[in-house]
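Structural characterization, general
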Amino acid sequence: MDTPEPVRIFLIRHARPMVSKKGFFSAAAARQYISDYDAAQVEEFVLAHEAIPYKNIAKVHCSPLIRSQLTAKAIFGHDIKLIIDPNFREFERRIFSLPFIQLPIRLWLLGARLLWFLGFNSRGIETFKQARQRAKLAAKQLATEATRESVAVLVAHGLLNYFILKELKRLGWQQTIKEGSGFVSVNVVEYPRL
């Protein structure tokens, strides 16, 4: 007797947005960078991942942000049904005010994220605790979809995907493909079919 195929969830990070990181940024310019990043087109890429059952994918879950939608269409074609859900949005970022200071954008983003993790930079946005709770709900949503359809695909964001993956593992899913969180990385978890 053949063992039934396991149910699978594919977590894919969006492609690299086309926005320049060069130079030094004031706080205002760093805030504009985040707006530009969230609205940017993505670089062209080719993803022909042997683990993805392209022909069996009818719909893809993704973030409301354009970079995840463009990435999903580039991977699965323009006829794919996109399930755009705010539960799959990026973990929010807030640039803090430091007048007269110019820094590389990486330092602004790193500082903003670090302070947010510590609970000091979430005024007016979702807290880290709230974001982790949303990732847990998103993981359960994908697990339900995969159990019903045999496969679920999410094209979203590196940090969100990381916390979804962490929750799925806690729920007993086994990671079979581990590619980290780089642009267009693919991480896969499986659960045995009963």
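Residues numbered from 1 in each chain as written. Predicted model: local features only at pLDDT ≥ 70, side-chain atom pairs only at ≥ 80, totals over all residues. Heavy atoms only, no water.

1. A look at the overall build of the chain
Our working rule: Secondary structure elements follow DSSP: runs of H or I of four or more residues count as helices, runs of E of two or more count as strands, with numbering from the N terminus. Our radius of gyration is a C-alpha quantity, and the globule rule it is checked against amounts to 2.2 Å times the number of residues to the power 0.38. Exposure categories follow from relative accessible area, calculated using a 1.4 Å probe and restricted to protein chains: below 20% of the type maximum is buried, above 50% is exposed, and the middle band is partly exposed. We call two residues in contact whenever any of their non-hydrogen atoms come within 4.5 Å of each other. Using a 1.4 Å probe, accessible areas were evaluated by the Shrake-Rupley method; residue-level cover was limited to the displayed protein chains. Neither His nor the chain ends contribute to the count of charged residues, in which Lys and Arg are positive and Asp and Glu negative. Just so you know, the charge point we use is NZ for Lys, CZ for Arg, CG for Asp and CD for Glu.
Helix and strand content of the chain: five helices and eight strands. Ordered by position from the N terminus, the helices and strands of the chain form the series β-β-α-β-α-β-β-α-α-β-α-β-β. Relative to its length of 194 residues, the chain is compact, with a C-alpha radius of gyration of 18 Å against a globular reference of 16 Å. Here the C-alpha coordinates of the chain stretch approximately 70 × 35 × 25 Å along the principal axes. Within the chain, the fraction of its 194 residues that count as buried is 45%. Summarising the internal contacts of the chain: among those between residues at least 6 apart in sequence, 70% fall at separations of at least 24. Summed over its atoms, the accessible surface of the chain is roughly 10,800 Å², and 56% of this surface lies on carbon and sulfur atoms. On the chain, the mean spot of the 28 positive side-chain charges and the mean spot of the 17 negative ones are 9 Å from each other.

2. Points about the packing of helix α4 (residues 128–149) against helix α5 (residues 158–170)
Just so we agree on the cut-off: Here the axes come from fitting lines to C-alpha atoms, over the contacting stretch only for helices, and the angles between their N-to-C directions go from 0 to 180 degrees. Put simply, angles under 35 degrees are roughly parallel, angles over 145 are roughly antiparallel, angles from 65 to 115 are roughly perpendicular, and the rest are oblique. Crossing handedness is defined as follows: a turn of the near helix away from the far one that is anticlockwise and smaller than a right angle gives a left-handed crossing, while the clockwise case is right-handed.
Their axes nearest at 8 Å, the elements α4 and α5 cross at an angle of 60°. Our classification of the angle between α4 and α5 gives oblique. Between α4 and α5 lies a crossing of right-handed hand. Where α4 approaches α5, its residues Phe-128, Arg-132, Arg-134, Ala-135, Lys-136, Ala-138, Ala-139, Lys-140, Leu-142 and Ala-143 are matched on the opposing element by Leu-160, Phe-163, Ile-164, Glu-167 and Leu-168.

3. Focus: the side chain of Ser-185
Relative to the assigned elements, Ser-185 resides in the loop between β7 (174–177) and β8 (186–191). Not counting residues within four places of it along the chain, the set of residues in contact with Ser-185 comprises Leu-11, Ile-12, Arg-13, Glu-179 and Gly-180.

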